[in-house]
Amino acid sequence: MAHEEHEHEETHENHDHGHHEHDHGNHDHSGHDHGAMVDDFKRRFYISLVVTLPILLLSPMIQNLLGFSITFPFDQYVLFGLATFIFFYGGWPFLTGAVDEAKNKNPGMMMLIALAITVAYVYSSLVVFGWAGRNFFWELATLIDIMLLGHWIEMRSVMGASNALQELVKLMPDTAHRMKKDGSTEEVKVDVLETGDTVLVKPGEKIPVDGTITEGKSSIDESMLTGESVPVEKEPEEEVIGGSINKEGSLTIEVKKLGKESYLSQVITLVEEAQNSKSRAQDFANRAAKWLFYLALASGIITFTIWLALGHPVDMAVERMVTVMVITCPHALGLAAPLVVAVSTSLSAKQGLLIRNRTQFENARNVDAVIFDKTGTLTKGEFGVTDIVVNQGEEKDVIYWAASLEQKSEHPLARGILDKAEEREVKLGNAEDFEAVTGRGLRGTVDGKEVLVMSPGYMKEQGIDYDTDAFGRMSEEGKTVVFVLVENEFLGMIALADMVRESAKEAIAELKERGIRSIMLTGDNRKVADWVAGQIGIDEVYAEVMPDHKADQVKKIQNEGLKVAMTGDGINDAPALATADVGIAVGSGTDVAVETADIVLVKSDPQDIVAVVTLSKNTYKKMVQNLWWAAGYNIVAIPLAAGVLAPIGILLSPAVGAVLMSLSTVVVAINAKLLKTA
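Residues numbered from 1 in each chain as written. Predicted model: local features only at pLDDT ≥ 70, side-chain atom pairs only at ≥ 80, totals over all residues. Heavy atoms only, no water.

### Here we look at the overall build of the protein
Each helix and strand in the protein was counted, giving 24 helices and 22 strands. Counting over 678 residues, the protein shows a buried share of 52%. Considering only contacts within the protein whose residues lie at least 6 apart along the sequence, 70% involve residues at least 24 apart. In the form shown here, the protein has an accessible surface area of approximately 30,500 Å², with 55% of it arising from carbon and sulfur atoms. (Helix = DSSP H or I, 4+ residues; strand = E, 2+ residues; numbered from the N terminus. Buried < 20%, exposed > 50% of the residue type's maximum accessible area, 1.4 Å probe, protein only. Contact = heavy atoms within 4.5 Å. Areas by Shrake-Rupley, 256 points an atom, 1.4 Å probe, with all protein chains shown as cover.)

Written out as structure tokens, the structure is:
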């Protein structure tokens, strides 16, 4: 298992678990840092905006345009001083960002903005100190304002999309009631708890840790963790998840997992991995931004040269050059993919789809076939009663005697019979002298009568007659049949089978509608597999497949030229999950961090596979829309900025260029926010 996981990790470049050391403190801190950056851009924008007003009033070009005049001694030096402040204070994030990009030899948006504002500032400063021409400090100031506003909007959007993480962190309580040896409790910080400690959780409180109930029964609200709206009934020996809410009774819980081991930390790690893992569309956007920088540089130089060659003054040529560089700024392009990634990751996390590998998630839109592991995926992995065949009396009688005896048993079949009694509201009798007869069944006394729940072997041995046709039919369907006898009188038989998930049928039907093949892969015998397939509408079944041959079966289907998604519980299916184009783990509760999968379905709901395909398609569509919007904008705007329409009197100023560019950024941000899961 470890070997297969290792191989799988090597095939997915983005999984560097070493970089994901999480504790709750770090999460808060990183969120705080990001928030501080948003505040910094906001502050720089407002201060720069205030300083821009006097720059506009003192700029000769604005005065000529609006027909007013404000002059006083050294007014141009005051203008230079204000512009110098805005260049260094407002432009600082872009100047430092440009240095980082230059160090990494990876030019992009920051170098482009820095180049544009530096050219404008240096040229205008030379004009103030005697160079012939006109300054455009006002354009420098408005450009920096617009850029700061664009960045502020961008960071706020990204932060809004990432808030799902911070919301998860807030779920965890800080304190717990730790039980002392004398039975009293003390309130302690959760981080001082150790594995093996016991904690008391009162009604209405959040469960502070992942653990096992040692005393008490209650219904637990796990909706914030699993998306399941109905509270789950929990009893001693059952596991509970930190962050869920205890609704009714008091519970004593033994601490099992803390900190990074806990379910919630694993969820946070998975969501962060998804947000950090590069997608193909994102790589494309980053490459496009880089080439746009070179294009901007070349376009700027060519524009400057042509305007000079046509006999225009230097200030006019510089102004055209600056405008081209502003327009070419790949602000919207750099934002196009990351915003969609952030929005789709938080949307999927809220829906219980945890994306571990972005590239494979994007591939899900092209899936031609979905292979389902049967047990635990299409079925619940729990026995339920499917048939009751009565020999004497009524169905309720058969259930009453069987369930009364089975309540003493630990066998998985017992749970199914007891659930049926609960569903039929059958009040149970008290079982005494209980005894498990090895390989045969159970024996005991209920209401003073001897009750037996036995296997077909026992009936054969004793020569007791029963409906062999009904038994044969149920056995053919892979069901387990038990026989109920009271005082040696045969009452009837009960058939049990691994229960099919209600949502599996709908999921298969929806996949069929989309032209996606559904295939079942199981280690179970052919009869059981065919019965389950018949229940849910799967036509293609591979039965009696050993766990180590499941991956070969995936390859076989891939060899038909199909893109294959494999859905399994991630333990015996690990090699197959790794081999598939998209590995989807059905991991309910604390099994969420299934190492080998690309996507984890928290709710273990087969319908979520349809949701994965839909979200993948919608995410990709949004990315393509955004990339076209951003790149298309540049394709149209660069020639305009260079002045191709100058002969008919249409020229774009740097400020108008900046406004248009920021508008494209806002459109890209809004478009990303409109992403839907369905």
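### Quick notes on helix 23 (residues 607-642)
Taking 1.5 Å per residue as the helical rise, helix 23 with its 36 residues ought to reach 52 Å, and the 53 Å between its terminal C-alpha atoms agrees with that figure. At Val 636, helix 23 is deflected by roughly 25°, the largest bend along its length, and proline Pro 639 occurs up to four residues later in sequence. Positioned one or two residues after helix 23, Gly 643 has a phi angle of 105°, which is positive. (Expected span 1.5 Å × (residues − 1). Bend = angle between axes of the 7 residues up to and from the residue.)

### Here's the deal with the environment of Ala 342
Counting through the fold element by element, Ala 342 comes out in helix 12 (residues 331-350). Among the residues examined, Ala 342 registers a relative accessible area of 5% and is labelled buried. Separated by 330 residues in sequence, Ala 342 and Ala 672 place their C-alpha atoms 9.0 Å apart.

### Considering the packing of aromatic side chains
A complete count under the given rule lists 16 aromatic pairs for this structure. Residues Phe 80 and Phe 137 carry aromatic rings whose centres are separated by 6.4 Å and whose planes lie at 55° to one another, so their mutual orientation is tilted. Pair noted here: Phe 80 is in helix 4 (residues 75-89) and Phe 137 is in helix 7 (residues 137-170), with a separation of 57 residues, a long-range link. On the basis of an interplanar angle of 40° and a centroid distance of 5.8 Å, the ring pair of Phe 471 and Phe 483 is categorised as tilted. Residue Phe 471 is located in helix 18 (residues 468-476), and its partner Phe 483 is located in strand 16 (residues 480-486); the two are separated by twelve residues in the primary sequence. Since its relative accessible area comes to 17%, Phe 471 is described here as buried. Under the relative-accessibility criterion, Phe 483 is labelled buried at 0%. When the ring centre of Tyr 89 is taken as reference, the NZ or CZ atom of Arg 44 above it lies at 5.0 Å. Between Arg 320 and the ring centre of Trp 307, over which it is positioned, the NZ or CZ distance is 6.0 Å. (Phe/Tyr/Trp six-rings, centres within 6.5 Å; stacked < 30°, edge-to-face > 60°. Lys NZ or Arg CZ within 6 Å of the ring centre and 35° of its normal.)

### Remarks on unusual backbone geometry
The phi dihedral of Phe 74 is positive, around 60°, even though this residue is not glycine. Position of Phe 74 relative to the elements: it lies in the loop between helix 3 (60-66) and helix 4. For Phe 74, a relative accessible area of 61% translates into the label exposed. Backbone geometry at Asp 433 places phi at a positive 50°, although glycine is not the residue there. Among the secondary structure elements, Asp 433 is positioned in strand 13 (residues 431-437).

### Comments concerning the nonpolar core
By size, the foremost hydrophobic cluster in this structure holds 43 residues, and its most contacted members are Ile 55, Phe 94, Ile 117, Phe 136, Phe 137 and Leu 140. For this core, the secondary-structure elements that each account for two or more residues are helix 2 (24-58), helix 4, helix 5 (92-103), helix 6 (109-128), helix 7, helix 10 (280-309) and helix 11 (314-328). Dropping the residues within four chain positions of it, Ile 55 is found in contact with Leu 79, Leu 82, Ala 83, Ile 86, Phe 137, Trp 138 and Ala 141. Listed in part, the 36 residues of the second largest apolar core include Val 500, Ile 538, Val 586 and Val 613. (Core = buried A, V, L, I, M, F, W, Y, C linked by side-chain atoms within 4.5 Å.)

### Some points on the packing of helix 4 against helix 5
The geometry of helix 4 relative to helix 5 is characterised by a closest axis approach of 5 Å and an angle of 50° between their N-to-C directions. As judged from the angle between their axes, helix 4 and helix 5 are oblique. Packed against helix 4, whose contacting residues are Phe 87, Phe 88 and Tyr 89, the element helix 5 presents Trp 92, Pro 93 and Leu 95 at the interface. Residues that form the contact of helix 4 with helix 5 fall into these classes: six nonpolar, no polar and no charged. (Axes fitted to C-alpha atoms, helices over the stretch in contact; angles between N-to-C directions. Parallel < 35°, antiparallel > 145°, perpendicular 65-115°, else oblique. Nonpolar A, V, L, I, M, F, W, Y, C, P; charged D, E, K, R; others polar.)

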